[in-house]
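Descriptive structure summary
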2 protein chains.
Amino acid sequence: MPVTLADIAREIGVSKMTVSRAINNNPLISSETRARVLEVARRMNYQPNQHARALATNRSYLIGVIVPDLMNLYFAEVMRAIESITRPAGFQLLICSSDEDITRELDEVEALLQRTDGLIISSVFPPTETKPYRKMIKDGAKMVLVDRTMKQLSCPAVATDNVQVGRLATEHLIRLGHRRIGHLRGDGSSVSADRFEGYKQALAKRKLRFEKNLVRECGLLESEGYEAMRSWLAESEVPKAIFAVNDPSAIGAMQAMEEVGLRAGKDVALVGAGNIHYGAMLRVPLTTISWSRRDMGQNAASLLIQLIEGKSDSAKPQHITLPLELVIRESCGARAKATSGTRTAAS
Amino acid sequence: MPVTLADIAREIGVSKMTVSRAINNNPLISSETRARVLEVARRMNYQPNQHARALATNRSYLIGVIVPDLMNLYFAEVMRAIESITRPAGFQLLICSSDEDITRELDEVEALLQRTDGLIISSVFPPTETKPYRKMIKDGAKMVLVDRTMKQLSCPAVATDNVQVGRLATEHLIRLGHRRIGHLRGDGSSVSADRFEGYKQALAKRKLRFEKNLVRECGLLESEGYEAMRSWLAESEVPKAIFAVNDPSAIGAMQAMEEVGLRAGKDVALVGAGNIHYGAMLRVPLTTISWSRRDMGQNAASLLIQLIEGKSDSAKPQHITLPLELVIRESCGARAKATSGTRTAAS
DNA sequence: TGGCTTGCTGTTACCGGTAACTCGCGCAAT
DNA sequence: ATTGCGCGAGTTACCGGTAACAGCAAGCCA
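So, here's what we can say about the structure.

Quick look at the protein's contact with DNA strand C
Taken together, the neighbourhood of DNA strand C is formed by 23 residues, with Met17(A), Leu5(B), Ser20(B), Asn49(B) and Ala52(B) sitting nearest. Every element with two or more residues in the surface near DNA strand C is listed here: α2 (16–23) and α4 (50–57) of chain A together with α2 (16–23) and α4 (50–57) of chain B. Here the surface near DNA strand C takes five residues from α4(B), the largest share from any one element. For the surface near DNA strand C, the class distribution of residues is twelve nonpolar, nine polar and two charged.

Listed below in structure tokens is the structure:
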């Protein structure tokens, strides 16, 4: 049904190849012929078959993106930034969500590798389990890690120093006078582990004792933050200051607190991480650690395109670390004047 | 580099076709042969080339989704619902954002039609301009409209009755005692037009005069709601009650109000539409009109899959309209007791 | 005039699958 | 013994592009 190169060729009386060359702006063709072909192509509403093209050239001009959670606006911002680079470069995005699930992530990755030129992954994998990815990279898979990285993996990556994230958040709470500081510690992913490590380092630096029962397991989803805080509230005394592994979990925790009449910033000092879009507009504006989602996405996209175009030295993959800043709002109890929060550059 | 059917065939000493049949569970093959093939395929880590398959079968198992705004969590919820249906059916999603831009939407649609089996579109087009889509559908394009529909287009669609949305919101404000009700009226899209129409109908029904200067042009993005309200505040008196075309614009307007010391729910009664995720958690929880994003996405996905599988009667495309409810929170000034808001079924 | 570029176009084969048809063989029925 | 049938596997062609090479006329120089 759709028009093919052959149809156009027949119509004008030239070969398929000539038409192909005209369409692709190949210089080995006279400008009159090209003009004629393009005119007819337009008239017949020719649309190249992308699958055929991909099969012949082994390039699909598709980039796969795997994020852990579509409902986390943090990733929406990163994707938007990715798109701002890939789109002008002629790539389209195949976006998938792993829903913070390892098995699902692996499924997605394997499916996407077949149909894309490369992947941008925010991986849910624990930092130790790099085997599957190691293998894929050895087999020539082109991928870039973003936000959630695996240090031992020889693969370009864009992230923040998550140990530093944990330290900044915890130190801020210590500075506010708190001595018993709790932590909602996320899952087994590298981000969670690193932020937890930063939390411990901050305590150690100020000679505060690390208490195991001040740390609660919790996922990275808002719903998980909510559940974690609910059970914490039900089971024991909750500390007066808490660093939550990320903004969604902090927001979930905040909700659970409100349900029992506790208010963040007054009864419990709360700090998150990620600076998601609605953080400043919440009932209690969220104090958080911030970094540029735009730089994150744009850098990741550029790195991947370099990989795809073969313009990067694959011997030593580039790792980009983004600078952090502390954004002080009300949830930590240090009332900020400006609505948008006081920003303190760091690291 | 990657393993192909031919490699496996050579390895075992059978034909490509036999391998293909084994992989695709074709019954015309002995179970011993199949077992042997599958074993070798697994051992060699065979991954079928999707482009070749798509070229040969004219099926890509890709579904394109075009939404107006990735940062609007409303659409994140819809996409998630779409995925919950398409994924088990074996399709992957190619997600694009039109950024509320007509030209860009058309670009995306044309690009996606080439590589997908069908599209789910939340169209930014004004309801009158249906020509491009009409043509594509005539040419056999498979598409389903979601949320933003075009009534004159013969194409399956899932949406709400947006006139009703405008009426419910406006009537609620009237019920609260307001007589001069303003409206942030969105753009030229059908949703905006319909909600505006509902606003006017509600006024007419209560014999309230429609005042042109109580209606302000505004887009559907949060930033546009913010800008619209800012200039409104700068230029003239803002009415004591406002129906904003959707939640993001309402939230943007709320921010602009806060900047000049006005508080939604106290100084100005504000109602949005869409019930986005953070609506209940905002500094001033947002009163809104709600409908199921889950049903919306799931229905749209099912309709499209029916279209693709050829199981639907394409003569009369199905239109699904979702029921509405009013969710009363604080921004309208009617203080609700429960945090989650009072829900009133309607329509 | 012959040989050599140069510039444009055509030919052939191939990318990696699949549809549709063909073929050979064993076995039951005639 | 012949026929017919069904099963399992192979052959061939094609999906719609593109790479690589071949061909061919005009133009230039010796």
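Quick look at the protein's contact with DNA strand D
For DNA strand D, the set of nearby residues contains 23 residues, the closest of which are Leu5(A), Ser20(A), Ala52(A), Met17(B) and Thr18(B). Within the residue set of the surface near DNA strand D, elements represented by two or more residues are α2 and α4 of chain A together with α2 and α4 of chain B. The leading source of residues in the surface near DNA strand D is α4(A), at five residues. By residue class, the composition of the surface near DNA strand D is twelve nonpolar, nine polar and two charged.

Section: the pairing of strand β2 (residues 92–97) of chain A
All names here are of chain A. Among the six residues that make up β2, six are buried, leaving the element largely enclosed by the rest of the structure. The alternating pattern of β2 places Gln92, Leu94 and Cys96 and Leu93, Ile95 and Ser97 on opposite faces, both of which are buried. Alignment of strand β1 (residues 62–67) against β2, held across six bridges, turns out to be parallel. The residue of β2 that forms the bridge with Gly64 is Leu94. Crossover connection from β1 via helix α5 (residues 73–86) to parallel β2: handedness right-handed.

What to know about the interface of chain A and chain B
Across the boundary between the two partners, chain A contributes 32 residues, which contact 32 residues of chain B. Those elements that place two or more of their residues in the side of chain A that touches chain B are α4, α5, β2, α6 (102–115) and α11 (247–259) of chain A. When grouped by side-chain class, the residues that make up the side of chain A that touches chain B number 17 nonpolar, eleven polar and four charged.

Focus: the relation of the copies chain A and chain B
Note: a rotation about an axis with an accompanying shift along it relates these two copies of the chain. Aligned on chain B, chain A shows an RMSD of 0.1 Å; the corresponding rotation is 180 degrees and the shift along the axis is 0.0 Å. Taken together, the rotation angle and the small translation identify this as a two-fold axis. Of every C-alpha in chain A, the one belonging to Arg283(A) sits nearest the axis of rotation, 1.7 Å from it. When you check the interface residues of chain A against chain B, 100% turn up at the interface there too, and the contact is symmetric in its surfaces.

Brief notes about the sheet that holds strand β9 (residues 269–271) of chain B
Residue and element names in this part refer to chain B. The sheet built from four strands is open, its strands ordered β7-β6-β8-β9 with parallel pairing. This sheet does not close on itself; its edge strands, each paired only once, are β7 (215–216) and β9. Bridging between strand β8 (residues 241–244) and β9 involves three bridges; their strand directions are parallel. Note that in β9 the partner of Ile242 across the bridge is Leu270.

The rules behind these values
Residues numbered from 1 in each chain as written. Chains lettered and ligands numbered in written order. Predicted model: local features only at pLDDT ≥ 70, side-chain atom pairs only at ≥ 80, totals over all residues. Near = placed C-beta within 6 Å. Helix = DSSP H or I, 4+ residues; strand = E, 2+ residues; numbered from the N terminus. Nonpolar A, V, L, I, M, F, W, Y, C, P; charged D, E, K, R; others polar. Buried ≥ 20, exposed ≤ 12 C-beta atoms within 10 Å, placed from the backbone. Pairing = 2+ DSSP bridges. Right-handed = clockwise from strand over helix to strand, strands pointing away. Contact = placed C-beta atoms within 7 Å. Least-squares fit on C-alpha atoms with pLDDT ≥ 70 in both.

In short, the description is geometric, and any link to function would need to be established separately.
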